[in-house]
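# Summary of the model geometry
Residues per chain, in single letters:
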Amino acid sequence: MSAPVNSPRSSPPSRRRTGAGIPRALRILLPALLILGWLVAAGIGGPYFGRVDEVSSNDRTAYLPETADATQVSLVSSDFLGADSLPAIVVITSDAEIDDQMSAELEKAGSDLAQMEGITGEISPVIVAEDGLAAQIFVPLDPDADIAELTSEIETTLAADLPEGLTPYVTGPAGFSADLGAAFAGIDGLLLAVALAAVFVILIVVYRSVILPVVVLATSIFALCAALLTIWYLAAADILLLSGQTQGILFILVIGAATDYSLLYVARYRDELRHTRLRGAATIKALRGTIEPVLASGGTVIAGLLCLLLSDLKSNSTLGPVAAIGILFAMAAALTFLPAALYAMGRAAFWPRRPRFEPDAPDAGADPAAHGIWGRIALAVRRRPRPLWVITALVLAVGCLGVTQLHADGVPQSDLVLTESSAREGQIALGEHFPGGSGTPAQILVDRSALQDVTDILLAAGGIDSVTVTAEDSPSGSAPVTEAGIQPLGPPGTPSLEPTVIDGDILLQATLADAPDSAAAEETVRELRAEFAAQDVTALVGGPTAIAIDTNDASAHDRALIIPIVLVVILLILMLLLRSILAPILLVATTVLSFGTAMGVAALVFNHLFDFPGADPAVPLYGFVFLVALGIDYNIFLMTRVREESLQHGTRDGVVRGLAVTGGVITSAGMVLAATFAALGVIPILFLAQLAFIVAFGVLLDTFVVRTLLVPALALDLGKVIWWPSKLWRSGRA
């Protein structure tokens, strides 16, 4: 007996496989064009992973505000000192006192270095320490050369040429730059491999499918390729600044966000396939249910990131648009490529657990208990919401107390890299035998009329070992300055040298008694600036120590400015999305509470478990932007579904149904995001390791505690008043 005409089973095969009422050309052509377009974008953008170093820089000076003293000094210092170069300090320690023969061998070894490609300018004579147990040589390197390779070659060559008992180290700006370059070298390979592998494993566990994880992972990779291609050309055109740190965050953010948005769509699509025979209709319905939370979520993250444009520090202000571009492509891929790919494959994408067409099945939230553990959690939260949210909030508040132990006022440059460091060992050796600031002096740009006043202040300062002034007539390009004035270099009777004057300014160099990245050196520079201001002397202090100071000060200023602005922006977006005032305030408050707990726990872990030397001032800022912007995502995913259910079933039933339905997908999304950020820990940079822990822990805390217990319990306790003053509050059921 044939099936009735109106039965779904009587539909033509093509209509059963695709969408009803959609023109055939559109059903085939549009998905094909979307898939082809993303394949082309990935094919073009993929090779640019190996070319990021062409348009990126880890030079800290490039990221300082233009008004900073250190920036202004760095802009003119090369006019005084000659060709722009990156100084390497070669420190050679000796087991025995260095005699004349050893000095001669050191001089020859130093002269031989001049033949290396990448060394620009003259290599200094060998300077033997007063204790005779160490020597140092200043080697100017071409800043455009491969610094890591060049410093390694210098160290290897000297180790082979010098007699036994002499140990060379390459330190100074070039040595630490080489360390950073080597540490960031794993971003294109190791970081991506670890992040993608972690996501793939989670997807396999979540979907118990072979094909679907590959499609979701492809969505993330395609989004990253397209984003990187766009950012590369913007950086090449000097529109954006790109660093290894920004690059690493971009990779992780795009992979995590694109996967999260994909999880949300896949969950909705699979649910629609149970109620809709036609995959085209299921695709349209899934997109309708997904597009609002994804756009709201991505828009919230983008808005938070773009607040970084208000930063004085360019490393912060440039991260905003770079990461925002990444999120934009993550949303685009999840809402175009993924639906097109799943539409093309239909139910086969879920093999071997294909969703069955069950037209008589109840809607997703009708029976919370049918959703396994998340349905049972939702029902448990409903039974005693008030004690649950009060206790949870108190526990989180206690965790916030650890924030007082966070030392986020900057760390020495020598501690930025977590692996073994020749530059760090060299700086230690330098400080044991020479003034700690040898080779990396503070640079003081002074008006010619104030030269005497400035030199008097410098010579009276306790943290300064010696002072020189640039002088063109000097064989070394500089001359020592004492209380008697600029000293001639030569036999008695040699005329005093005149300092080099450019546009009425003179450049003095002060060798600090302490290591340039030490707290004592920073205190010396701050005292100099304060003394210049007190005596109304026109002088600017630059150099490596001043760069670190100005960077930390700008970062602290950004933190105080941007965090409140991000909160206001996100609050306004949530008010527009939820058509409410009270619910957004509560959501933001719970997310901030979660952030405070994450930072408090992180401070205790950093101090007592990992024994970190401190934290960069930008760590709390980045942690806040990512945790609040990304953490609010899960509240958006939850509360948009709760609002949808509340419109039909009342607020309290809506909360239970919404939590039961979204529990699995949001938890999976949280685990993916935590895993991707945790992958940053494979890059041995202190800043990234700390950010990895803060965001990964904070996301898990937000996923399993705030979104699972605190927010639903609050909503259940308040009932429909949570939607105040919207129409749902006035007419909805509690």
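Residues numbered from 1 in each chain as written. Predicted model: local features only at pLDDT ≥ 70, side-chain atom pairs only at ≥ 80, totals over all residues. Heavy atoms only, no water.

Each helix and strand in the chain was counted, giving 23 helices and 10 strands. Overall size of the chain, expressed as C-alpha extent along the three principal axes, is 120 × 50 × 45 Å. Contacts spanning at least 24 positions in sequence make up 80% of the contacts within the chain whose residues lie at least 6 apart. Summed over its atoms, the accessible surface of the chain is roughly 30,500 Å², and 59% of this surface lies on carbon and sulfur atoms. Separation between the mean location of the 42 positive side-chain charges and that of the 71 negative ones in the chain comes to 39 Å. (Helix = DSSP H or I, 4+ residues; strand = E, 2+ residues; numbered from the N terminus. Contact = heavy atoms within 4.5 Å. Areas by Shrake-Rupley, 256 points an atom, 1.4 Å probe, with all protein chains shown as cover. Lys, Arg positive; Asp, Glu negative; His and termini not counted. Charge placed at Lys NZ, Arg CZ, Asp CG, Glu CD.)

Here we take up the packing of aromatic side chains. This model, assessed by the stated rule, comprises 17 aromatic pairs. When the ring of Trp 232 is compared with that of Tyr 233, the centres are 5.1 Å apart and the planes differ by 75°; the resulting orientation is edge-to-face. For the pair Phe 626 and Phe 677, a centre-to-centre distance of 5.6 Å together with 55° between the ring planes defines the contact as tilted. Of this pair, Phe 626 sits in helix H20 (residues 618-649) while Phe 677 sits in helix H21 (residues 651-678), and the two are 51 residues apart along the sequence. Neither residue differs from the other here; Phe 626 and Phe 677 are each classed as buried. Members of the aromatic cluster, each reached through a chain of ring pairs, are Phe 606, Phe 610, Phe 612, Phe 693 and Phe 697. Cation over ring: Arg 279 sits above Tyr 343, and NZ or CZ is 5.6 Å from the ring centre. Arg 707 extends its terminal NZ or CZ atom over the ring of Trp 374, reaching a point 5.2 Å from the ring centre. (Phe/Tyr/Trp six-rings, centres within 6.5 Å; stacked < 30°, edge-to-face > 60°. Buried < 20%, exposed > 50% of the residue type's maximum accessible area, 1.4 Å probe, protein only. Lys NZ or Arg CZ within 6 Å of the ring centre and 35° of its normal.)

This part covers helix H14 (residues 385-400). Helical periodicity: at 3.6 residues per turn, an α-helix aligns residues three or four positions apart in one direction. Compared with the 22 Å implied by 1.5 Å per residue over 16 residues, the 23 Å span of H14 between its first and last C-alpha is a close match. Every buried residue of H14 is listed here: Pro 385, Thr 392, Leu 396 and Gly 399. Angularly, the buried residues of H14 cover 65° about the axis, an arc narrow enough to put them on a single face. Facing away from the buried surface of H14 by more than 90 degrees, the exposed residues are Arg 386, Ile 391, Leu 394 and Val 398. On its buried face, H14 is in contact with helix H13 (372-383), helix H19 (582-608) and helix H22 (686-718). (Expected span 1.5 Å × (residues − 1). Arc of directions from axis to C-beta.)

With that settled, the discussion passes to the packing of helix H18 (residues 544-578) against H20. At their nearest, the axes of H18 and H20 sit 10 Å apart, and the two run at 5° to each other. Taken together, the axes of H18 and H20 are roughly parallel relative to one another. Touching Ser 555, Asp 558, Arg 559, Ile 562, Ile 563, Val 566, Leu 567, Ile 570, Leu 574, Leu 577 and Leu 578 of H18 are Ala 618, Pro 620, Leu 621, Phe 624, Val 625, Val 628, Ala 629, Ile 632, Ile 636, Met 639, Thr 640 and Arg 643, all from H20. Its residues placed into classes, the contact of H18 with H20 shows 18 nonpolar, two polar and three charged. (Axes fitted to C-alpha atoms, helices over the stretch in contact; angles between N-to-C directions. Parallel < 35°, antiparallel > 145°, perpendicular 65-115°, else oblique. Nonpolar A, V, L, I, M, F, W, Y, C, P; charged D, E, K, R; others polar.)

Next up on the list: the nonpolar core. Ranked by internal contacts, the top residues of the largest apolar core, which has 158 residues, are Tyr 261 and Phe 626. Not counting residues up to four positions away in its chain, the partners in contact with Tyr 261 are Val 294, Ser 297, Gly 298, Val 301, Ile 327, Ala 330, Met 331, Ala 334, Asp 633 and Phe 637. With 33 residues, the next largest nonpolar core counts Ile 457, Val 467, Ala 510 and Val 541 among its residues. (Core = buried A, V, L, I, M, F, W, Y, C linked by side-chain atoms within 4.5 Å.)

Once that is clear, we can look at unusual backbone geometry. Of the consecutive residues Trp 351 and Pro 352, the connecting peptide bond is found in the cis state with omega at 10°. You can see Pro 352 is positioned in the loop between helix H12 (319-345) and H13. Cis rather than trans, the peptide bond between Trp 724 and Pro 725 has omega equal to 0°. Structurally, the position occupied by Pro 725 is in the loop between H22 and helix H23 (727-731). For Arg 208, which is not glycine, the phi dihedral falls at a positive 50°. Mapping Arg 208 onto the fold places it in the loop between helix H7 (187-207) and helix H8 (211-236). Classification of Arg 208 as exposed rests on a relative accessible area of 55%. With a phi angle near 55°, Asp 611 is a residue other than glycine that sits in the positive phi range. Structurally, the position occupied by Asp 611 is in the loop between H19 and H20.

There is a patch of nonpolar side chains on the surface, built from Ile 581, Ile 585, Leu 718, Val 721 and Trp 724 and spanning about 360 Å² of accessible area. Looking at where Val 721 falls in the secondary structure, it is placed in the loop between H22 and H23. (Patch = residues over 30% accessible without salt bridge, like charges linked within 9 Å, V, L, I, M, F, W, Y side chains within 5 Å. Salt bridge = Lys/Arg side-chain N within 4 Å of Asp/Glu carboxyl O.)

So, about the environment of Asp 415. Examined against the element boundaries, Asp 415 turns out to sit in the loop between H14 and helix H15 (422-433). Residue Asp 415 is classed as partly exposed on the basis of its relative accessible area, which comes to 24%. In sequence terms Asp 415 and Thr 640 are 225 residues apart; their C-alpha atoms lie 45 Å from each other. Contacts of Asp 415, omitting those with residues within four sequence positions, involve Arg 424, Pro 613 and Leu 686.

Another aspect to go through is a negative patch on the surface. A grouping of Glu 97, Asp 99, Asp 100, Glu 105, Glu 130, Asp 131 and Asp 465 is seen on the molecular surface, where their side chains present a negatively charged patch. Locating Glu 105 in the fold gives a position in helix H4 (residues 100-113). Residue classification places Glu 105 among the partly exposed residues on the basis of a relative accessible area of 32%.

Right, let's talk about the sheet that holds strand S1 (residues 86-94) for a bit. Spatial strand order, S2-S3-S1-S4: four strands in an open sheet with antiparallel pairing. Looking along the sheet, the strands with just one partner apiece sit at the ends: strand S2 (127-128) and strand S4 (166-171). Sheet analysis places S1 next to S4, joined by six bridges and oriented antiparallel. The residue of S4 that forms the bridge with Ile 92 is Pro 168. H4 contacts S1, S2, strand S3 (134-141) and S4 of the sheet and is inclined by roughly 10° relative to S3. Set on the sheet, H15 makes contact with S1, S3 and S4; between it and S4 the angle comes to about 110°. (Pairing = 2+ DSSP bridges.)

Take the packing of H14 against H22 next. Axis separation between H14 and H22 bottoms out at 8 Å; the angle between their running directions is 140°. If you check the angle between H14 and H22, you find them oblique. For the element pair H14 and H22, the recorded crossing hand is left-handed. Of the residues in H22, those touching H14 at Pro 385, Arg 386, Leu 388, Trp 389, Thr 392, Ala 393 and Leu 396 are Leu 701, Val 705, Val 706, Leu 709, Leu 710, Ala 713, Leu 714, Leu 716 and Asp 717. Residue classes in the contact of H14 with H22 are distributed as 13 nonpolar, one polar and two charged. (Left-handed = near helix turned anticlockwise from the far one by under 90°.)

One pass over the structure, following the stated rule, counts 13 salt bridges. For Arg 382, the salt bridge goes to Asp 653, with nearest N and O atoms at 2.7 Å. Remark: Asp 653 occurs in helix H21 and Arg 382 occurs in helix H13; sequence separation between them is 271 residues. Arg 382 gets classed as partly exposed once you look at its relative accessible area, which sits at 37%. Residues Asp 717 and Arg 386 are paired through a salt bridge, measuring 3.0 Å at the closest nitrogen-oxygen approach. Separated by 331 residues along the polypeptide, Asp 717 in helix H22 and Arg 386 in helix H14 bring together distant segments of the chain. Its relative accessible area of 18% is what places Asp 717 among the buried residues. Several salt bridges converge on common partners, so that one network encompasses Asp 69, Arg 529 and Asp 550.

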